[in-house]
Amino acid sequence: MTQQCALAVTDDLERRIRKPVDALRCVMSCVWIFVLAVAAVAASATTTGLETDIVGASRRLPHALLVVAPAIALFALLLLPVTLAVSLLLRRQARLLGEALATGLLAGAAAQVVNIALLRPAAARLYDAITMTGPGASHIDALDPYLAGLVAYATMIGLAGRPAWRNALGLAIGVYAIVQLAALHTTAVSFLITLLAGRAVGFAVRYGAGSVSQRPPAREIAAALSGGDLAVTAIRRVRPAGPGVAGSRHYTAATSGGGQLDVVVFDRDQQAAGAFYRLYRRVRVQGQVSRSAPLSIDRSVERRALLSYAAEDAGVPTPRLRTVVRVGPEAAVLAYDHFEGTTLRERNPGCADAELGCVWDAVTRLHAHHVTHRGLIADRIAFSADGGVMLLDPGDGDVAATDLQKRLDLSQLIVELALFAGPEKSARLAAERIGGSDLVAVLPLLQPVALARSTRKALRSRRDVLPAVRKTLLAAVPGGEVTPVQLERIRPRTLVTLVASVAAIYLLAGELASASLGSVLRSADWRWGIAALALSAATYAGATLSLSGFVAERLNFLRTLLVQVAGSFVTLVTPAAVGGAALNVRYLQRRKIPAPVAVASVGVSQVVTFALHILLLVVFAAIAGTGGKSPITAPTWAYFVVAGLVVLAGAVLAVPASRRMVRARLSPTFGQVLPRLLEVAQHPRKLAGGIGGALLLSLAYILCLAACVAAFGRSVPFAKIGFVYLTGSALGSIIPTPGGLGAVEAALTAGLTAAGVPGAVAVSAVLLFRLLTFWLPVPFGWAAMNFLERRQDL
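In this text, all values refer to a predicted model and were calculated from it rather than measured experimentally. (Residues numbered from 1 in each chain as written. Predicted model: local features only at pLDDT ≥ 70, side-chain atom pairs only at ≥ 80, totals over all residues. Heavy atoms only, no water.)

**Quick word on the packing of helix H5 (residues 94-118) against helix H9 (residues 188-209)**
Contact geometry of H5 with H9 gives a least axis separation of 9 Å together with a crossing angle of 135°. Taken together, H5 and H9 sit at an angle that is classed as oblique. In this structure, H5 crosses over H9, and the sense of that crossing is right-handed. Here H5 contributes Thr103, Leu106 and Ala107 to the contact with H9, which in turn contributes Val201, Gly202 and Val205. Classifying every residue of the contact of H5 with H9 gives four nonpolar, two polar and no charged. (Axes fitted to C-alpha atoms, helices over the stretch in contact; angles between N-to-C directions. Helix = DSSP H or I, 4+ residues; strand = E, 2+ residues; numbered from the N terminus. Parallel < 35°, antiparallel > 145°, perpendicular 65-115°, else oblique. Left-handed = near helix turned anticlockwise from the far one by under 90°. Contact = heavy atoms within 4.5 Å. Nonpolar A, V, L, I, M, F, W, Y, C, P; charged D, E, K, R; others polar.)

**A short note on the pattern of salt bridges**
Across all of its chains, the model carries 23 salt bridges by this definition. Notably, a salt bridge pairs Glu14 with Arg237, separated by 3.3 Å at the nearest N-O pair. One end of the pair, Glu14, is in the loop between strand E1 (8-10) and strand E2 (16-17); the other, Arg237, is in strand E4 (residues 232-238), and 223 residues separate them in sequence. Look at Glu14 and you get partly exposed, because its relative accessible area is 27%. The exposure class of Arg237 is buried, given its relative accessible area of 12%. Residues Asp398 and Arg303 are paired through a salt bridge, measuring 3.9 Å at the closest nitrogen-oxygen approach. With Asp398 in strand E13 (residues 398-399) and Arg303 in helix H12 (residues 297-313), the pair connects residues that are 95 residues apart, well separated along the chain. According to the relative accessible area criterion, Asp398 is buried, its value standing at 14%. Linked by salt bridges that have partners in common, Glu14, Arg215, Arg237, Arg249 and Asp267 make up one network. (Salt bridge = Lys/Arg side-chain N within 4 Å of Asp/Glu carboxyl O. Buried < 20%, exposed > 50% of the residue type's maximum accessible area, 1.4 Å probe, protein only.)

**Some remarks on the nonpolar core**
In this structure, Trp360 and Leu473 are the most contacted members of the largest nonpolar core, which totals 43 residues. Mapped onto this core, the elements with two or more residues apiece are H12, helix H14 (353-368), strand E11 (381-383), strand E12 (389-391), helix H15 (403-421), helix H16 (423-433), helix H17 (436-442) and helix H19 (465-475). Among the elements that make up this core, the one with the highest residue count is H15 (eight residues). The contact partners of Leu473, leaving out residues within four places of it in the chain, are Ile414, Ala427, Ala430, Ala431, Leu439, Leu443 and Leu446. Formed by 35 residues, the second largest nonpolar core is a distinct cluster that contains Phe620, Tyr701, Ala711 and Val716. (Core = buried A, V, L, I, M, F, W, Y, C linked by side-chain atoms within 4.5 Å.)

Below you can see the structure in the form of structure tokens.
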């Protein structure tokens, strides 16, 4: 008792905290709502059959039960929240009751808003799928506002520690569901979505408003530590200087023997901290690259303790783990000996070669015992006054580490030292310490995706560091070549492309539902169809001339033409103008053209094509907007799109950081393009061929669209057709879908309709145009790519 009275405590305990698990549960509820809605739409026949079985089973219940059950269920659903409210008032939790009531009202109002929105014609298909009714059937609400409000109310209160209340609520909801299904007042899908919506709203509000903290204070932590050979006399809350452990609190404690401890507290309410980022890393990169961590606090503490003991057993200088204790049911504590010294971040740039060598010795010794650190950042590499090295917090590492995990540890160390000691010094030291075949294995892993989060952030502002390290290490590799290693499962750009493609295909299916391919081909004039096909083929000749014109070296016309045809297959899985450009660069490199020159040549071709595209768009817009008796009028949504792009461009240019980013992205491109353009300008025939090819490319596409419109008996002025195509093509280049899928169709259909073409004819003409210019060349592109690969031209 005397010891507790003498204890000096400085704490900053939060009264309300946000639990990451609430955010995780909210997101998972939303995901399940989406899955149920998609399943209901995609498999309406199956879900309708399931619903029929459920209703039939409920109708086989005794009649007396079906008569009494509705009243009992409604009474229970009304009585439960009232009784729960009285219980909270008796326990003096009026604030929690008020928050729960507000959350319930919010969820009920949100459900009613959704019901109103689902009655809109645009949502008719989703409404019919959820309610499992056919068009023209009697109206029922898609969601039950009262049930959603009740679930959100109970979720906000939290019934995890109240099994009697939880069981009573589950029983009442189950009876209510059976009654409502038997009376045909709801459906199984509607009921499940209502429950999930209530949970989602409840968890969202609970995470946003926070929950009352049940964390043990500093005094209880000190009492738990004061056992055995430890006697804590003072404890103080501190904030870690660097990136701390996710979901942890940090204290510094003084002991009666004059020692000092670094105390890390893991609270159970933070057991899902960082789960979204870990999930993102798990999806994006390979398993051994993403440093996975258990969601359970117990497993996390056990792992960190194991790694501390493993590092100590390996003889690696790291703070000694003094004790691991529990503080009640809500927290676990790890206490380490405090280390007096300065970190690499604080020593920068005053690190000597001998000190950096000691860092390498410690990491090498750790790896010799098959243990990795996996957190070798500047805040976890410390130096003592006598020049000794200490590796702090090895808890993110691996025991029984594989060779890949060790190499990833080394790549992190090399880049981190390069940031604070210089690229040349770090690379030279790495070449001395690793050398030989091990260096060949480590060098391909010097990728941002394999590095720690803080290191990646630092590299964004110092883009010269990583290339300089690679260049220096590559010079030390025998032969000067290494085999690239793919560490990513999927890139963010690929994921965006995939999602956008799925959305585009869905929207495109709706746009073209009124015109099947067979009916389009039967109703089209085959003579105009042949002309459109020939013009589609002419676009590849234009692309060939454009590329050849901006390459000073002589290219074989037939081979270059086949490369452009192969590009039609590549654009099936890549955004417009991306896959084709990469294919052209690869082809030029195979022609013994240096990589920088190849990139510059393709860049010149794209820049000139873009400039001609804008010039033609302005000319055709001026002619189409003023000439003729019926000038073209853009649809209303087009003005909003243009206004949005203007606002976005203005916002980007108004922020200095955004301007610097745009300048950093564009400066290298123009730095390569302008010298190449000046070089080509010295050869007038080449320049004329390149510009002529770019003009032929655009004009062939415009004439092809005009022929497709004429194939259905309609004639549109050439200027209007040109304006419509160029606008649709520009939108297709912006939208990150393969070949601009979805955006091009929507823009061309709207443009032709605005030009006076009937809607059905516009849809058919666009379908024929995309068939001839996008889908039909795909098998020929696949054959051309295989042929060129066999000839080693790609």
